[in-house]
Amino acid sequence: MEQTLEFAREAHAGKPQLPLALRLIENTGVRKRHLVQPVEKALDHPGFEERNRIYEIESKKRCPDAIEEALANALLRAEDIDAIIYVSCTGFMMPSLTAWLINTMGFRYDTRQLPIAQLGCAAGGAAINRAHDFCVAHPGSNVLIVSCEMCSLCYQPDADDIGSLLSDGLFGDAVAAAVVRGRPGAGVAGVRLRRNASYLIPNTEEWISYAVRGTGFHFRLDRRVPGTMEPLAPVLRGLAADHGWDAADLDFYIVHAGGPRILDDLARYLGVEHSVFRHSRGTLTEYGNIASAVVLDALRRRFEEGPLPTGATGVIAGFGPGITAEMALGTWVDGTTGDRRGKHRVAGAARRPHVGRTA
C-alpha cells in the first residue's frame, strides 16, 4: 500500500483529483499485492503487443503448478479431466491456453475446451457454474477450472481519472485452479454444488467495461458500482429461498471481494455479520482484487480455516461486468467418507498458502 501511494503521488503530482484518489486507495483495505513483474516494469508501458507477449509467457509459466496441485487435492490425474474451463480478462490468446495445456500436461485430446474471456470478475463464479452444468449434463465427468489474471498488464500510465487511479490501487495478479468432480470419493473435501443461477442488473453494461485502444485494455469503472449490492442481495435471497434455505443463515459465504464497500453492503442487505465474509476480506487484504480468481482464493481460505461438518450450507457468488452476478448454492462434504447423496462438488482448495496463486 505504501508503495502504491508513493507511486501515485509521483506519477500524478499536482493533479486536482489526486487527494481524493489517495483517500480512496487507502480505504480499499488492500495492504499487499503480487505482480508478475517488478513494480517498476509494471508501471512502464512497452506497448500492447509486448504486454500480451508477457501475458502468454507468464500464463504458461505459472498455471501448471496450480493445476497440478488442484488435481492432486481432488485425487485425480490429468487424464481424468473431461473439460477445461479457462477464465481470464487480462490478456488474449488464440487458440486459448486450454490447447497448450492439453498438449503439454497430459490431458486427453478429446478434452472439451471452454475459454471465458469477457465476464471479468464474475468469471470465477461463472466457471464453477458452467462446470456444475457440465457435470449434470455428463454424469461422472470431471472439470478443471483455471483462472489466470494479470491485472498489472492493463495499467495505463496516462489514465488519471478517479476510476483508473482507484483500480491501480486495487487490482492484483494471481493464478488459481480448482476441480469440480462428478463422482464422490473418500478423502475429497469440498462443496457439493446444489444449484446455480445468473442475474444481470438491467442497463448497467457500461458501469464496468474495457475501452479497447491501441495501448490495450483501458478499465472503466462507474462510481455507481459500489451500490450494486442493493439490487443483487434480493436475488441471492431468492435463490436460497427457492432451495428452502435462508440466505442470512448459512454456514459459509464465498463471494467476490470487489472492494470493502461491496462486502459491507452485502452484509447489510443480507442481514449477516461482517465476519461471514472474512475469507473474501483476507483475499482483498493480501492479494487485492484478483478478478476471477477471488472466489477460488476465498474458497481456499475456507479450507485452511478448518473442516466444516458434512451438510453445512453455503453460497459462492461472483460479480462483474454486465453488471452480472453468478451464484451457486452448495453443502460442505468433509471428505471422511464417500458422499453417496450426490455427485457434484468443487474440490481442490490448497491446504497451505501460496504466494500469488491458489489451488
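Check the entry above for the structure.
These remarks concern the structure in this document. (Residues numbered from 1 in each chain as written. Predicted model: local features only at pLDDT ≥ 70, side-chain atom pairs only at ≥ 80, totals over all residues. Heavy atoms only, no water.)

Roughly 1100 Å³ of internal volume is contained in the largest pocket. Looking at the lining of the largest pocket, the elements with two or more residues in it are helix 1 (2–11), helix 3 (39–42), helix 7 (162–168), strand 6 (208–213) and strand 7 (216–221). Tallying contributions element by element places helix 1 first for the lining of the largest pocket, with six residues. A per-class count over the lining of the largest pocket returns 28 nonpolar, 15 polar and five charged. L166, L221, V225, P226 and G258 are the residues nearest the centre of the second largest pocket, which is lined by 29 residues in total. Looking at the lining of the second largest pocket residue by residue, the class counts come to 17 nonpolar, nine polar and three charged. (1 Å grid on protein atoms, 1.4 Å probe; cavity = no way out; pocket = protein on both sides within 12 Å on 5 of 7 lines; lining within 4 Å. Points joined across faces, edges and corners; volume = space filled by probe spheres on them. Helix = DSSP H or I, 4+ residues; strand = E, 2+ residues; numbered from the N terminus. Nonpolar A, V, L, I, M, F, W, Y, C, P; charged D, E, K, R; others polar.)

Per the stated rule, a full pass over the model turns up 23 salt bridges. R301 is the partner of E286 in a salt bridge, and the nearest nitrogen-oxygen pair spans 3.4 Å. Separated by 15 residues along the polypeptide, E286 in helix 10 (residues 278–287) and R301 in helix 11 (residues 294–305) bring together distant segments of the chain. (Salt bridge = Lys/Arg side-chain N within 4 Å of Asp/Glu carboxyl O.)

Pairing between strand 6 and strand 7: six bridges, direction antiparallel. In the strand pairing of strand 7, A211 is matched with H218. Between strand 6 and the antiparallel strand that follows it, strand 7, lie two residues. (Pairing = 2+ DSSP bridges.)

Of all the positions in helix 1, only T4, L5 and A8 are classed as buried. All buried residues of helix 1 fall inside an arc of 95° around its axis, so they share one side. Of the exposed residues in helix 1, the ones pointing more than 90 degrees away from its buried face are E2, Q3 and E10. Against the buried residues of helix 1 lie helix 2 (18–26) and helix 7. (Buried < 20%, exposed > 50% of the residue type's maximum accessible area, 1.4 Å probe, protein only. Arc of directions from axis to C-beta. Contact = heavy atoms within 4.5 Å.)

The step from M94 to P95 runs through a cis peptide bond, and the omega angle for that step is 5°. On the secondary structure map, P95 appears in the loop between strand 1 (83–87) and helix 5 (97–105). G322 connects to I323 through a cis peptide bond whose omega is -10°. Position of I323 relative to the elements: it lies in the loop between strand 9 (313–320) and strand 10 (324–333). For L75, which is not glycine, the phi torsion reads 55° and is therefore positive. Mapping L75 onto the fold places it in the loop between helix 4 (48–73) and strand 1. Residue class for L75 comes out exposed when judged on its relative accessible area of 51%. Although it is not a glycine, N203 adopts a positive phi angle of roughly 60°. Within the secondary structure, N203 is located in the loop between strand 5 (190–200) and strand 6.

For strand 10, the buried fraction is high: 10 of the 10 residues fall into the buried class. Residues of strand 10 alternate between two faces, with T324, E326, A328, G330 and W332 on one and A325, M327, L329, T331 and V333 on the opposite face, all of them buried. When strand 9 meets strand 10, the two strands line up antiparallel, connected through eight bridges. By the bridge assignment for strand 10, G314 is matched with G330.

As a further point, take empty space enclosed by the protein. With the rule as written, the count across this model stands at three cavities of 30 Å³ or more. The volume enclosed by the largest cavity comes to roughly 60 Å³. Here the lining of the largest cavity gets four residues from one element, more than from any other, and that element is helix 4. Grouping the constituent residues of the lining of the largest cavity by class yields five nonpolar, six polar and one charged.

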